[in-house]
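# Survey of secondary and tertiary structure
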Amino acid sequence: MSRILVLGGTGMLGAPAVRHLLADGFDVRLFARNPVKAREIFGRSVDVVAGHVGHLKTLERAMEGCEAVHVSVGGEVDLESATDVTGMAPRLGVKRVGYVSGTTVREENAWFPMVAAKLAAETALRTCGIPWTIFRPTWPMEQLWNFVRTGRPMVVGHLRTPYHFFAADDMGRMVSAAYRLEAAAGQCFHIHGPEAMTVKEAVERYARALDPDAGEAMVMSTRQAKIISFLKRNRKLRGAAELMGYFERVGEPGDPAAANRLLGAPTTTLDEWVVTEGKVLAEA
Ligand SMILES: NC(=O)c1ccc[n+]([C@@H]2O[C@H](COP(=O)([O-])OP(=O)(O)OC[C@H]3O[C@@H](n4cnc5c(N)ncnc54)[C@H](OP(=O)(O)O)[C@@H]3O)[C@@H](O)[C@H]2O)c1
(Lines give C-alpha, C1' and ligand atoms only; values in the text may rest on other atoms or scores of the structure.)
Protein backbone atom coordinates (compact mmCIF):
# COMPACT_ATOMS: atom_id res chain seq x y z
CA MET A 1 0.00 0.00 0.00
CA SER A 2 1.65 3.25 -1.00
CA ARG A 3 -0.60 6.33 -1.29
CA ILE A 4 -2.97 7.02 1.58
CA LEU A 5 -5.49 9.83 1.99
CA VAL A 6 -6.04 11.09 5.55
CA LEU A 7 -9.13 13.06 6.58
CA GLY A 8 -8.50 14.91 9.87
CA GLY A 9 -4.73 14.75 9.49
CA THR A 10 -4.21 18.03 11.34
CA GLY A 11 -6.06 16.78 14.44
CA MET A 12 -4.95 15.47 17.83
CA LEU A 13 -5.04 11.83 16.71
CA GLY A 14 -4.69 12.40 12.97
CA ALA A 15 -1.38 14.33 12.99
CA PRO A 16 0.68 11.64 14.79
CA ALA A 17 -0.78 9.03 12.40
CA VAL A 18 0.37 11.14 9.44
CA ARG A 19 3.88 11.46 10.94
CA HIS A 20 4.18 7.70 11.34
CA LEU A 21 2.75 6.98 7.89
CA LEU A 22 5.37 9.32 6.39
CA ALA A 23 8.17 7.75 8.44
CA ASP A 24 7.02 4.30 7.27
CA GLY A 25 7.29 5.32 3.61
CA PHE A 26 3.69 6.09 2.70
CA ASP A 27 2.94 8.77 0.19
CA VAL A 28 0.47 10.82 2.29
CA ARG A 29 -2.24 13.08 0.92
CA LEU A 30 -4.39 15.18 3.27
CA PHE A 31 -7.96 16.27 2.74
CA ALA A 32 -7.87 19.43 4.86
CA ARG A 33 -10.23 22.34 5.30
CA ASN A 34 -7.27 24.47 6.35
CA PRO A 35 -4.37 23.83 3.94
CA VAL A 36 -2.24 26.57 5.56
CA LYS A 37 -2.41 24.75 8.90
CA ALA A 38 -1.58 21.48 7.15
CA ARG A 39 1.51 23.07 5.53
CA GLU A 40 2.60 24.59 8.87
CA ILE A 41 2.54 21.15 10.48
CA PHE A 42 3.90 18.97 7.68
CA GLY A 43 5.61 21.34 5.24
CA ARG A 44 5.99 19.88 1.76
CA SER A 45 6.17 16.27 2.98
CA VAL A 46 2.46 15.77 2.24
CA ASP A 47 0.21 16.48 -0.71
CA VAL A 48 -2.78 18.63 0.38
CA VAL A 49 -6.22 18.79 -1.21
CA ALA A 50 -8.24 21.64 0.27
CA GLY A 51 -11.82 20.75 1.10
CA HIS A 52 -14.53 20.41 3.72
CA VAL A 53 -16.36 17.19 4.51
CA GLY A 54 -19.51 17.37 2.39
CA HIS A 55 -17.68 18.64 -0.73
CA LEU A 56 -18.08 15.36 -2.61
CA LYS A 57 -16.39 16.39 -5.85
CA THR A 58 -13.26 17.57 -4.01
CA LEU A 59 -13.23 14.46 -1.85
CA GLU A 60 -13.49 12.27 -4.94
CA ARG A 61 -10.54 14.11 -6.51
CA ALA A 62 -8.56 13.63 -3.28
CA MET A 63 -9.36 9.90 -3.16
CA GLU A 64 -8.37 9.23 -6.78
CA GLY A 65 -5.19 7.18 -6.96
CA CYS A 66 -5.20 6.37 -3.21
CA GLU A 67 -5.00 2.76 -2.11
CA ALA A 68 -6.15 3.55 1.43
CA VAL A 69 -8.23 6.23 3.16
CA HIS A 70 -7.97 6.96 6.90
CA VAL A 71 -10.88 8.90 8.49
CA SER A 72 -10.05 10.71 11.75
CA VAL A 73 -12.48 13.64 11.75
CA GLY A 74 -15.13 13.39 14.48
CA GLY A 75 -17.44 16.18 15.62
CA GLU A 76 -20.50 17.18 13.64
CA VAL A 77 -19.25 15.63 10.38
CA ASP A 78 -18.08 12.34 11.92
CA LEU A 79 -20.70 10.10 10.29
CA GLU A 80 -20.80 12.10 7.06
CA SER A 81 -17.04 11.75 6.59
CA ALA A 82 -17.27 7.95 6.96
CA THR A 83 -20.31 7.54 4.69
CA ASP A 84 -18.88 9.81 1.98
CA VAL A 85 -15.59 7.91 1.92
CA THR A 86 -17.12 4.42 2.02
CA GLY A 87 -19.71 5.41 -0.59
CA MET A 88 -17.02 6.25 -3.15
CA ALA A 89 -14.17 3.93 -2.12
CA PRO A 90 -15.17 0.74 -4.06
CA ARG A 91 -15.71 2.64 -7.32
CA LEU A 92 -12.37 4.45 -6.98
CA GLY A 93 -10.40 1.24 -6.42
CA VAL A 94 -9.50 1.95 -2.76
CA LYS A 95 -8.17 -1.21 -1.13
CA ARG A 96 -8.55 -0.31 2.58
CA VAL A 97 -10.63 2.16 4.57
CA GLY A 98 -9.92 2.98 8.22
CA TYR A 99 -11.99 4.91 10.74
CA VAL A 100 -11.29 6.28 14.23
CA SER A 101 -14.18 5.40 16.52
CA GLY A 102 -14.00 5.22 20.35
CA THR A 103 -13.55 2.54 23.02
CA THR A 104 -17.03 3.05 24.52
CA VAL A 105 -18.77 2.70 21.15
CA ARG A 106 -21.22 -0.19 21.52
CA GLU A 107 -24.97 -0.76 21.12
CA GLU A 108 -25.86 -0.32 24.81
CA ASN A 109 -24.39 3.21 24.71
CA ALA A 110 -26.25 4.28 21.55
CA TRP A 111 -28.56 6.48 23.67
CA PHE A 112 -25.73 9.04 23.46
CA PRO A 113 -25.85 10.76 20.02
CA MET A 114 -22.07 10.70 19.49
CA VAL A 115 -22.06 6.92 19.96
CA ALA A 116 -25.08 6.41 17.68
CA ALA A 117 -23.24 8.33 14.94
CA LYS A 118 -20.05 6.34 15.48
CA LEU A 119 -21.93 3.02 15.37
CA ALA A 120 -23.51 4.06 12.06
CA ALA A 121 -20.08 5.09 10.74
CA GLU A 122 -18.64 1.71 11.78
CA THR A 123 -21.52 -0.03 9.96
CA ALA A 124 -20.74 1.99 6.84
CA LEU A 125 -17.19 0.60 6.93
CA ARG A 126 -18.18 -2.99 7.71
CA THR A 127 -20.69 -3.08 4.82
CA CYS A 128 -18.87 -1.09 2.15
CA GLY A 129 -17.49 -4.16 0.42
CA ILE A 130 -13.78 -3.46 0.72
CA PRO A 131 -11.34 -4.34 3.54
CA TRP A 132 -11.74 -2.06 6.55
CA THR A 133 -10.04 -1.36 9.88
CA ILE A 134 -11.69 0.33 12.86
CA PHE A 135 -9.70 1.93 15.69
CA ARG A 136 -11.44 2.36 19.04
CA PRO A 137 -9.16 4.48 21.23
CA THR A 138 -9.76 5.34 24.87
CA TRP A 139 -8.53 8.67 26.28
CA PRO A 140 -5.37 10.18 24.75
CA MET A 141 -2.96 11.86 27.19
CA GLU A 142 -3.14 14.95 24.94
CA GLN A 143 -6.70 15.56 26.25
CA LEU A 144 -5.25 16.30 29.70
CA TRP A 145 -4.06 19.67 28.46
CA ASN A 146 -7.73 20.78 28.31
CA PHE A 147 -8.00 20.27 32.09
CA VAL A 148 -4.90 22.24 33.07
CA ARG A 149 -4.70 24.96 30.43
CA THR A 150 -6.63 27.58 32.42
CA GLY A 151 -4.28 27.56 35.43
CA ARG A 152 -5.87 25.62 38.27
CA PRO A 153 -6.42 22.00 37.24
CA MET A 154 -10.13 21.32 36.92
CA VAL A 155 -12.22 18.29 36.00
CA VAL A 156 -15.88 18.31 35.03
CA GLY A 157 -17.78 15.28 36.30
CA HIS A 158 -17.22 12.61 38.93
CA LEU A 159 -15.49 10.04 36.76
CA ARG A 160 -14.56 7.08 38.93
CA THR A 161 -13.48 4.66 36.19
CA PRO A 162 -9.72 4.34 35.74
CA TYR A 163 -8.80 4.83 32.06
CA HIS A 164 -5.77 3.48 30.23
CA PHE A 165 -4.53 6.82 28.87
CA PHE A 166 -2.34 6.43 25.77
CA ALA A 167 0.04 8.81 23.98
CA ALA A 168 -1.28 9.89 20.56
CA ASP A 169 2.14 9.12 19.11
CA ASP A 170 1.79 5.45 20.15
CA MET A 171 -1.58 5.28 18.43
CA GLY A 172 -0.10 6.94 15.32
CA ARG A 173 2.48 4.15 15.14
CA MET A 174 -0.28 1.52 15.48
CA VAL A 175 -2.42 3.15 12.77
CA SER A 176 0.48 3.12 10.33
CA ALA A 177 1.22 -0.54 11.17
CA ALA A 178 -2.41 -1.44 10.48
CA TYR A 179 -2.22 -0.14 6.91
CA ARG A 180 0.88 -2.26 6.27
CA LEU A 181 -0.67 -5.49 7.58
CA GLU A 182 -3.18 -7.60 5.63
CA ALA A 183 -4.14 -9.19 8.96
CA ALA A 184 -5.42 -5.83 10.21
CA ALA A 185 -8.23 -5.90 7.62
CA GLY A 186 -11.64 -6.70 9.09
CA GLN A 187 -10.43 -5.88 12.63
CA CYS A 188 -11.77 -3.51 15.26
CA PHE A 189 -8.85 -2.50 17.49
CA HIS A 190 -9.23 -1.12 21.01
CA ILE A 191 -6.33 1.18 21.84
CA HIS A 192 -5.54 1.30 25.58
CA GLY A 193 -2.35 2.67 27.11
CA PRO A 194 -0.06 0.92 29.62
CA GLU A 195 -1.42 2.23 32.96
CA ALA A 196 -4.90 2.88 34.29
CA MET A 197 -5.79 5.96 36.33
CA THR A 198 -8.77 8.20 36.93
CA VAL A 199 -9.03 11.45 34.97
CA LYS A 200 -8.53 13.43 38.21
CA GLU A 201 -5.39 11.48 39.07
CA ALA A 202 -3.98 11.91 35.55
CA VAL A 203 -4.78 15.64 35.53
CA GLU A 204 -3.09 16.15 38.90
CA ARG A 205 0.02 14.21 37.83
CA TYR A 206 0.28 16.29 34.66
CA ALA A 207 -0.35 19.57 36.51
CA ARG A 208 2.35 18.74 39.10
CA ALA A 209 4.83 17.94 36.33
CA LEU A 210 4.26 21.40 34.88
CA ASP A 211 4.22 23.13 38.27
CA PRO A 212 5.38 21.26 41.39
CA ASP A 213 3.16 23.56 43.51
CA ALA A 214 -0.02 22.72 41.59
CA GLY A 215 -2.75 21.78 44.05
CA GLU A 216 -5.48 19.21 43.94
CA ALA A 217 -7.75 19.37 40.89
CA MET A 218 -11.09 21.07 41.44
CA VAL A 219 -14.06 18.88 40.51
CA MET A 220 -17.16 20.57 39.08
CA SER A 221 -20.23 18.36 38.83
CA THR A 222 -21.82 18.03 35.40
CA ARG A 223 -24.95 19.67 36.86
CA GLN A 224 -22.96 22.72 37.99
CA ALA A 225 -21.26 22.86 34.59
CA LYS A 226 -24.62 22.77 32.79
CA ILE A 227 -25.98 25.62 34.95
CA ILE A 228 -22.87 27.76 34.36
CA SER A 229 -22.92 26.99 30.63
CA PHE A 230 -26.58 28.10 30.50
CA LEU A 231 -25.94 31.34 32.43
CA LYS A 232 -22.84 32.20 30.40
CA ARG A 233 -24.27 30.87 27.11
CA ASN A 234 -21.15 28.77 26.81
CA ARG A 235 -21.87 26.01 24.27
CA LYS A 236 -18.40 24.50 24.67
CA LEU A 237 -18.89 23.99 28.42
CA ARG A 238 -22.36 22.56 27.77
CA GLY A 239 -20.86 20.05 25.33
CA ALA A 240 -18.12 19.14 27.83
CA ALA A 241 -20.72 18.64 30.60
CA GLU A 242 -22.79 16.35 28.38
CA LEU A 243 -19.74 14.35 27.33
CA MET A 244 -18.50 13.95 30.91
CA GLY A 245 -22.05 13.01 32.03
CA TYR A 246 -21.86 10.26 29.42
CA PHE A 247 -18.47 9.07 30.68
CA GLU A 248 -19.84 8.99 34.25
CA ARG A 249 -22.27 6.29 33.09
CA VAL A 250 -20.05 4.09 30.93
CA GLY A 251 -16.80 2.43 31.86
CA GLU A 252 -13.86 1.65 29.66
CA PRO A 253 -15.02 -1.42 27.72
CA GLY A 254 -13.05 -3.29 25.09
CA ASP A 255 -10.14 -5.67 24.98
CA PRO A 256 -6.89 -4.22 23.60
CA ALA A 257 -5.24 -7.67 23.25
CA ALA A 258 -5.65 -7.97 19.45
CA ALA A 259 -4.34 -4.44 18.84
CA ASN A 260 -1.40 -4.99 21.16
CA ARG A 261 -0.51 -8.33 19.57
CA LEU A 262 -0.80 -7.26 15.95
CA LEU A 263 0.15 -3.58 15.99
CA GLY A 264 2.48 -3.41 19.02
CA ALA A 265 1.14 -2.18 22.36
CA PRO A 266 1.37 1.47 23.42
CA THR A 267 4.32 1.81 25.80
CA THR A 268 4.51 5.50 26.74
CA THR A 269 3.66 6.09 30.40
CA LEU A 270 2.19 9.33 31.67
CA ASP A 271 5.48 10.24 33.37
CA GLU A 272 7.36 9.74 30.09
CA TRP A 273 4.74 11.67 28.12
CA VAL A 274 4.73 14.73 30.40
CA VAL A 275 8.47 15.33 30.02
CA THR A 276 8.24 15.22 26.23
CA GLU A 277 4.88 15.86 24.55
CA GLY A 278 3.14 17.21 27.66
CA LYS A 279 5.64 20.02 28.17
CA VAL A 280 5.72 20.85 24.46
CA LEU A 281 1.91 21.21 24.52
CA ALA A 282 2.10 23.54 27.49
CA GLU A 283 4.81 25.70 25.88
CA ALA A 284 3.09 25.96 22.47
N1 LIG B 1 -9.45 13.17 21.26
C2 LIG B 1 -10.05 12.19 21.96
O3 LIG B 1 -10.12 12.23 23.20
C4 LIG B 1 -10.63 10.99 21.24
C5 LIG B 1 -10.79 9.80 21.94
C6 LIG B 1 -11.36 8.71 21.27
C7 LIG B 1 -11.76 8.84 19.94
N8 LIG B 1 -11.59 10.04 19.32
C9 LIG B 1 -12.03 10.16 17.91
O10 LIG B 1 -10.88 10.35 17.10
C11 LIG B 1 -11.24 11.11 15.94
C12 LIG B 1 -10.27 12.26 15.81
O13 LIG B 1 -10.37 13.06 16.97
P14 LIG B 1 -9.32 14.22 17.31
O15 LIG B 1 -9.34 14.38 18.79
O16 LIG B 1 -8.05 13.99 16.58
O17 LIG B 1 -10.10 15.47 16.69
P18 LIG B 1 -9.54 16.94 16.43
O19 LIG B 1 -8.26 17.19 17.11
O20 LIG B 1 -10.69 17.85 16.70
O21 LIG B 1 -9.27 16.92 14.86
C22 LIG B 1 -10.33 16.81 13.95
C23 LIG B 1 -9.75 16.86 12.55
O24 LIG B 1 -10.84 16.85 11.61
C25 LIG B 1 -10.75 18.01 10.77
N26 LIG B 1 -12.10 18.47 10.44
C27 LIG B 1 -13.08 18.82 11.31
N28 LIG B 1 -14.18 19.18 10.63
C29 LIG B 1 -13.87 19.08 9.31
C30 LIG B 1 -14.58 19.33 8.10
N31 LIG B 1 -15.85 19.77 8.13
N32 LIG B 1 -13.96 19.09 6.93
C33 LIG B 1 -12.68 18.65 6.89
N34 LIG B 1 -11.95 18.40 8.00
C35 LIG B 1 -12.55 18.62 9.19
C36 LIG B 1 -10.00 19.03 11.62
O37 LIG B 1 -9.46 20.04 10.81
P38 LIG B 1 -8.91 21.43 11.42
O39 LIG B 1 -7.47 21.17 11.79
O40 LIG B 1 -9.09 22.37 10.29
O41 LIG B 1 -9.76 21.74 12.62
C42 LIG B 1 -8.94 18.13 12.25
O43 LIG B 1 -7.93 17.81 11.32
C44 LIG B 1 -12.70 11.53 16.16
O45 LIG B 1 -13.55 10.67 15.46
C46 LIG B 1 -12.90 11.37 17.64
O47 LIG B 1 -14.24 11.11 17.99
C48 LIG B 1 -11.01 11.11 19.91
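## Focus on the sheet that holds strand 1 (residues 3–7)
- Overall, parallel pairing links the 7 strands, which are arranged 3-2-1-4-5-6-8 in an open sheet. Edge strands, defined here as strands with exactly one partner in the open sheet, are strand 3 (47–50) and strand 8 (187–191). Each adjacent strand pair in this sheet contributes to an overall mean axis angle of 20°, direction not counted.
- Both strand 2 (residues 27–32) and strand 3 contribute to a ladder of 4 bridges, which runs parallel. Note on strand 3: the bridge partner recorded for Ala32 is Ala50.
- Sheet strands touched by helix 7 (residues 168–180): strand 1, strand 4 (68–71), strand 5 (96–100), strand 6 (132–137) and strand 8. Its angle to strand 6, the strand with the most contacts, is close to 165°.

## Quick notes on the side chain of Glu122
- Secondary-structure assignment places Glu122 in helix 5 (residues 113–126).
- Glu122 sits in the buried class, given a relative accessible area of 2%.

## Brief notes about the site of the ligand
- Residues in contact with the ligand amount to 24 residues; listed here are only the nearest, Thr10, Met12, Leu13, Lys37 and Lys118.
- Residue Thr10 places a side-chain N or O atom 2.5 Å away from an oxygen atom belonging to the ligand.
- Gly74 is positioned with one of its backbone polar atoms (N or O) 3.4 Å from an oxygen atom of the ligand.
- Summarising the interface, the protein chains cover 79% of the accessible area of the ligand, which totals 900 Å² for the free molecule.
- Residue composition of the shell around the ligand, grouped by class: 8 nonpolar, 12 polar and 4 charged.

## Some words on the nonpolar core
- Among the nonpolar cores identified, the biggest contains 35 residues, and Trp139, Leu144, Phe165, Val199, Val203 and Leu270 are the most heavily contacted of them.
- Among the elements of the structure, helix 5, helix 6 (145–148), strand 7 (154–156), helix 8 (199–210), helix 10 (235–249) and helix 12 (270–283) are those that each provide at least two residues to this core.
- Each of domain 1 (3–137) and domain 2 (139–165 + 192–252 + 267–284) gives at least three residues to this core.
- Not counting the four nearest positions on each side in its chain, Leu144 is found in contact with Phe165, Ala202, Val203, Tyr206 and Leu270.
- One finds Val18, Leu21, Val28 and Ala177 within the second-largest nonpolar core, a separate group that totals 31 residues.

## Observations concerning the packing of helix 1 (residues 14–23) against helix 7
- As a packed pair, helix 1 and helix 7 sit with axes 7 Å apart at the nearest point and diverge in direction by 50°. In terms of axis orientation, helix 1 runs oblique to helix 7. Taken as a pair, helix 1 and helix 7 cross one another with a handedness that is right-handed. Of the residues in helix 7, those in contact with Pro16, Ala17, His20 and Leu21 of helix 1 are Ala168, Asp169, Gly172, Arg173, Val175, Ser176 and Tyr179.
- When grouped by side-chain class, the residues that make up the contact of helix 1 with helix 7 number 6 nonpolar, 3 polar and 2 charged.

What counts as what
- Residues numbered from 1 in each chain as written.
- Predicted model: local features only at pLDDT ≥ 70, side-chain atom pairs only at ≥ 80, totals over all residues.
- Heavy atoms only, no water.
- Pairing = 2+ DSSP bridges.
- Helix = DSSP H or I, 4+ residues; strand = E, 2+ residues; numbered from the N terminus.
- Axes fitted to C-alpha atoms, helices over the stretch in contact; angles between N-to-C directions.
- Contact = heavy atoms within 4.5 Å.
- Buried < 20%, exposed > 50% of the residue type's maximum accessible area, 1.4 Å probe, protein only.
- Near = heavy atom within 4 Å.
- Polar contact = N/O pair within 3.5 Å; in protein donor to acceptor, adjacent residues only side chain to side chain.
- Areas by Shrake-Rupley, 256 points an atom, 1.4 Å probe, with all protein chains shown as cover.
- Nonpolar A, V, L, I, M, F, W, Y, C, P; charged D, E, K, R; others polar.
- Core = buried A, V, L, I, M, F, W, Y, C linked by side-chain atoms within 4.5 Å.
- Domains from an automatic or database assignment.
- Parallel < 35°, antiparallel > 145°, perpendicular 65-115°, else oblique.
- Left-handed = near helix turned anticlockwise from the far one by under 90°.

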